[in-house]
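Overview (structure and organization)
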Amino acid sequence: QVQFVESGGGLVQPGGSLRLSCAAHGRINSMNVMGWYRQAPGKQREFVARITSGGITNYADSVRGRFSISRDNAKNTVTLQMNSLKPEDTAVYYCYAGATILNIDYWGQGTQVTVSS
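Residues numbered from 1 in each chain as written. Predicted model: local features only at pLDDT ≥ 70, side-chain atom pairs only at ≥ 80, totals over all residues. Heavy atoms only, no water.

1. Topic: the state of the cysteines
Summed over the entire model, instances satisfying the criterion amount to 1 disulfide. Between the sulfur atoms of Cys22 and its disulfide partner Cys95 the distance amounts to 2.1 Å. On the S-S bond that ties Cys22 to Cys95, the torsion sits near -80°, and the link is left-handed. Highlighted residues: Cys22 in strand β3 (residues 18–26) and Cys95 in strand β9 (residues 91–98), separated in sequence by 73 residues. Accessibility classification places Cys22 together with Cys95 in one group, the buried group. (Disulfide = S-S within 2.5 Å. Helix = DSSP H or I, 4+ residues; strand = E, 2+ residues; numbered from the N terminus. Buried < 20%, exposed > 50% of the residue type's maximum accessible area, 1.4 Å probe, protein only.)

2. A few points about the sheet that holds strand β8 (residues 77–82)
Each strand in a sheet pairs with another by means of backbone hydrogen bonds, the pair being arranged parallel or else antiparallel. Spatially, β1-β3-β8-β7 is the arrangement adopted by the 4 strands of the open sheet, whose pairing is antiparallel. Two strands in the sheet have a free side with no partner beyond their single neighbour: β1 (2–7) and β7 (67–72). Ignoring which end each strand starts from, the neighbouring axes of this sheet average 15° apart. Across 6 bridges, β1 lies against β3 in antiparallel orientation. From the neighbouring strand, Val2 faces β3, where its bridge partner is Gly26. (Pairing = 2+ DSSP bridges. Axes fitted to C-alpha atoms, helices over the stretch in contact; angles between N-to-C directions.)

Encoded structure:
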């Protein structure tokens, strides 16, 4: 079992930055992949970014070049640095972990990000 503690969400103006963090506890050593999805009101949950334990990253086209994901394997944390935020980035952001890039085994509780002037 894996549990997450997410932090860093909030309200920011367009063009601003936020940093999301997710600390994992439990059987995290078997989880090769950690990352983030997001879900905006009335929309399906969508992939944002992921990182493997070896540091390989992937991003959704909509965030590439603006968001950066990093991971501290010793502390079992994953961080999403979000820059140049747009109103369309407004969503609940969910941390996740999976054994492979094809798996989503555990979800965090979600943290709200609102981009508005």
